[in-house]
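# Overview (structure and organization)
Chain by chain, the residues run as shown.
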Amino acid sequence: MTIGELSQRSGVSQSALRFYERQGLIHAERTDGNQRRYISSTLRRVALIQAGKAAGVPLERIREALDTLPSGRQPTKRDWERLSRSWARELDERIETLQAIRGRLTTCIGCGCLSLKTCGLLNPGDEAGAAGAGAQYFRIGSPHGRDLA
């Protein structure tokens, strides 16, 4: 199929398809006139890319996963289950991290002080106290590497 047909059927823009090709996520054969032609299994690969992106999986990880699939055939349900299991573990870790951050933010917002002396989010154990008075982490050029300005 042409890039236009693949774009229409997948709902992915032609520029995105060209990007995916440059990144090694999909592959096109070239005609004598140098036009791209995709085999039908590319449509399923694009669907896997879109599903991975929607789940927040980085393109590099998606490419690594797609590289494990046999070329020239449709990915099967079993292929998808295998790929999604590895992504699910990463997503669970990210969800756990985000929930911990949300809990800390709620604590800060709930108390209303946003104190850098007691704040466990920006200044655990009051490590900025050694640098002197004031909001050390909010200064431009902070030696603590936490410039927030």
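Residues numbered from 1 in each chain as written. Predicted model: local features only at pLDDT ≥ 70, side-chain atom pairs only at ≥ 80, totals over all residues. Heavy atoms only, no water.

### Concerning the overall build of the chain
Note the cut-off: Helix and strand definitions here come from DSSP, where helices need a minimum of 4 consecutive H or I residues and strands a minimum of 2 consecutive E residues; each element is numbered from the N-terminal end. Two residues form a contact once any of their heavy atoms are found within 4.5 Å. Only the protein chains shown count as covering a residue, and every accessible area follows the Shrake-Rupley method with a 1.4 Å probe.
The secondary structure content of the chain amounts to five helices and two strands. Along the chain, helices (α) and strands (β) appear in the sequence α-α-β-β-α-α-α when read from the amino end. The long-range fraction of contacts in the chain, counting pairs at least 24 apart against all pairs at least 6 apart in sequence, stands at 41%. Split by element, the accessible area of the chain, about 9700 Å² in all, is 53% carbon and sulfur.

### Some thoughts on helix 4 (residues 59-66)
Rules: Note on classification: 1.4 Å probe, protein chains only; a residue is buried when its accessible area is under 20% of the maximum for its type, exposed when over 50%, partly exposed between these limits. By construction, the arc corresponds to the directions joining the helix axis to the C-beta atoms.
Every buried residue of helix 4 is listed here: Ile62, Ala65 and Leu66. Down the axis of helix 4, the buried set is contained in an arc of 95 degrees. They therefore lie on one face.

### Observations regarding helix 3 (residues 41-54)
Rules: Each residue after the first adds 1.5 Å to the expected span of a helix.
Between its first and last C-alpha, helix 3 extends 20 Å over 14 residues, near the 20 Å set by a 1.5 Å rise per residue. Backbone geometry just downstream of helix 3 places glycine 56 in the positive-phi region, at approximately 85 degrees.

### Examining the pattern of salt bridges
The criterion, for reference: Salt-bridge detection follows one rule: a side-chain nitrogen of Lys or Arg within 4 Å of a carboxyl oxygen of Asp or Glu.
Counted according to the given criterion, the structure contains six salt bridges. Here arginine 36 and glutamate 21 are joined by a salt bridge, their closest N and O atoms 2.7 Å apart. In this pair, arginine 36 is assigned in strand 2 (residues 36-37) and glutamate 21 in helix 2 (residues 14-22), connecting sequence segments 15 residues apart. Taken together, the shared-partner salt bridges in this structure form one network comprising Glu60, Arg63 and Asp67.

### Remarks on unusual backbone geometry
Of note in this structure, asparagine 34 is not a glycine but carries a positive phi near 65 degrees. Locating asparagine 34 in the fold gives a position in the loop between strand 1 (29-30) and strand 2.

### Digging into the confidence of the model for the chain
The cut-off we apply is this: Per-residue confidence from the predictor is reported as pLDDT, a score between 0 and 100.
A residue-level look at the chain finds 71% of positions with pLDDT of 70 or above and a mean pLDDT of 79. The low-confidence segment residues 138-149 (pLDDT under 50) makes 24 contacts with residues lying over four places distant or belonging to another chain.

### Remarks on the packing of helix 1 (residues 3-10) against helix 3
Two quantities define a packed helix pair, namely the angle between the helix axes and the distance between the axes. Which entries qualify depends on this criterion: Axes, fitted as lines to C-alpha atoms, cover a helix only where it is in contact. Angles between the N-to-C directions of the axes lie from 0 to 180 degrees. Any angle that is under 35 degrees is reported as roughly parallel, and any over 145 degrees as roughly antiparallel; angles of 65 to 115 degrees are reported as roughly perpendicular and all others as oblique. Note: crossing handedness is left-handed where the near helix turns anticlockwise from the far helix by less than a right angle, and right-handed where it turns clockwise. Residue classes follow a fixed rule: Ala, Val, Leu, Ile, Met, Phe, Trp, Tyr, Cys and Pro count as nonpolar, while Asp, Glu, Lys and Arg count as charged, and any other residue, Gly among them, counts as polar.
For the pair helix 1 and helix 3, interaxial distance at closest approach is 10 Å and the crossing angle is 45 degrees. Between helix 1 and helix 3, the interaxial angle falls into the category oblique. Between helix 1 and helix 3 lies a crossing whose hand is right-handed. Along the contact surface, helix 1 presents Leu6, Arg9 and Ser10, while helix 3 presents Thr42, Leu43 and Val46. Split by residue class, the contact of helix 1 with helix 3 holds three nonpolar, two polar and one charged.

### Details of the packing of aromatic side chains
For any two aromatic rings, the description comes down to two numbers: the centre-to-centre distance and the angle of the planes. Put simply, the rule is: Stacked, edge-to-face and tilted are the three classes for Phe, Tyr and Trp ring pairs, Trp counted by its six-membered ring, which pair at centre distances within 6.5 Å; planes under 30 degrees apart are stacked, over 60 edge-to-face, the rest tilted.
As enumerated under the stated definition, the model contains two aromatic pairs in all. With a centroid separation of 6.3 Å and an interplanar angle of 55 degrees, the aromatic rings of phenylalanine 19 and tyrosine 20 are classed as tilted. Phenylalanine 19 gets classed as partly exposed once you look at its relative accessible area, which sits at 31%. We classify tyrosine 20 as buried; its relative accessible area is 3%. Ring plane angle 75 degrees and centroid distance 5.7 Å describe the contact between tryptophan 80 and tryptophan 87, whose orientation is recorded as edge-to-face. Exposure remark for tryptophan 80: the relative accessible area of 30% places this residue in the partly exposed category.

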